[in-house]
Amino acid sequence: MDVDQLNVVFSALADPTRRAILARLAQGDATVADLCVPFAVSQPAISRHLKVLERAGLISRRRRATARLSHLEAEPLREATSWLASYRDYWESSYRRLDGLAAALEADERHDD
Amino acid sequence: MTTEIIAEPGVPQIILLREFDASPAVLFRAHVEPELLAQWLGPESLATTVDELDPRHGGQWRYTQTDSRGVGHSFHGLFHGDPTPERIVQTYEFQDQPGRVYLNTTTFQPRGGGTLLRQNTVFQSVEDRDGYVAAGMERGLRASMAILDALVTKLRTEQGG
């Protein structure tokens, strides 16, 4: 995923309602009307959020009979997640070693007292 | 204990939080004594050597991380203000990208017999931040954990089902 695409995905994820919509879609496809109920948000507002999510590639939309269903696309989210997770992994693997080193230093200092 | 990363969209900053079962004094030593720093900094796939570390106002630091093929990457910078067990302020510059500098402030706050370590890293632009973080991925570091925990847990459930 390139940096521009990452920015679009992160902007889309910055909004708590949009994250909640994604969490809801992780349980199954939904119509705009389905999504209005749990979020106490108007249909036009939900539609605006869905447009942002679609532009970021986080959802796709398809028609079934008269309803338009939103479907979660997991791949961009997984890529955006791994972007930060790899950075965290760098530090977490360092800090795990620092845990051990700090414990040894603490023991030395207690021994010296 | 896990490392928490906060990177807001559109802001050239990363905040990292991590708790330790050790005092600020001991963690400070591990950051400013070269032979200690070399023992923990960087992933296990890279060997870290601390070439220079002069922890005082205006003092220089430089370290090199070498991968299993013997390819090394060096970082260097200056300390700004005398480092203390409360706070270390330093600039970072990657050897291959002169002029692309970021500012790192590490604080050590006592918390419940241990320490909360906080790193605040400020880049020159959002693009620099994103590029820097993405470079970690290119160096072959593996993503091991998800950050958007609740959401990603649900995604895993979905993929599993």
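## Considerations on the environment of B:H80
Residues and elements named next belong to chain B.
- Within the element layout of this structure, H80 appears in the loop between β5 (72-78) and β6 (87-94).
- Given the relative accessible area of 34%, H80 is considered partly exposed.
- Here the alpha-carbon distance between H80 and T91, two residues eleven residues apart in the chain, equals 7.7 Å.
- Once residues within four sequence positions are removed from consideration, H80 is found in contact with H57, V89, Q90 and T91.
- A polar contact of 3.3 Å, which involves the side chain of H80, links it to the side chain of T91.

## With respect to the confidence of the model for chain B
- A residue-level look at chain B finds 81% of positions with pLDDT of 70 or above and a mean pLDDT of 81.
- Of the two predicted TM-score estimates for the complex, the pTM is 0.66 and the ipTM is 0.72.

## A look at the sheet that holds strand β3 (residues 47-53) of chain B
Residue and element names in this part refer to chain B.
- On the basis of which strands lie adjacent, the open sheet formed by eight strands has the order β1-β2-β8-β7-β6-β5-β4-β3 and antiparallel pairing. Each edge of the sheet is formed by a strand with only one pairing partner; in this case those strands are β1 (4-6) and β3. Strand-to-strand twist across the sheet, computed as the mean angle between neighbouring axes with direction ignored, equals 20°.
- Of the strand pairs in this sheet, strand β2 (residues 13-20) and strand β8 (residues 114-122) are connected by eight bridges, and their pairing is antiparallel. Bridge pairing in β8 links L16 to Q119.
- Across the sheet, helix α1 (residues 24-32) is in contact with β2, β3, β6, β7 (101-111) and β8; its angle to β7 comes to roughly 155°.

Calculation rules
- Residues numbered from 1 in each chain as written.
- Chains lettered and ligands numbered in written order.
- Predicted model: local features only at pLDDT ≥ 70, side-chain atom pairs only at ≥ 80, totals over all residues.
- Heavy atoms only, no water.
- Helix = DSSP H or I, 4+ residues; strand = E, 2+ residues; numbered from the N terminus.
- Buried < 20%, exposed > 50% of the residue type's maximum accessible area, 1.4 Å probe, protein only.
- Contact = heavy atoms within 4.5 Å.
- Polar contact = N/O pair within 3.5 Å; in protein donor to acceptor, adjacent residues only side chain to side chain.
- pLDDT = per-residue confidence, 0-100.
- Pairing = 2+ DSSP bridges.
- Axes fitted to C-alpha atoms, helices over the stretch in contact; angles between N-to-C directions.

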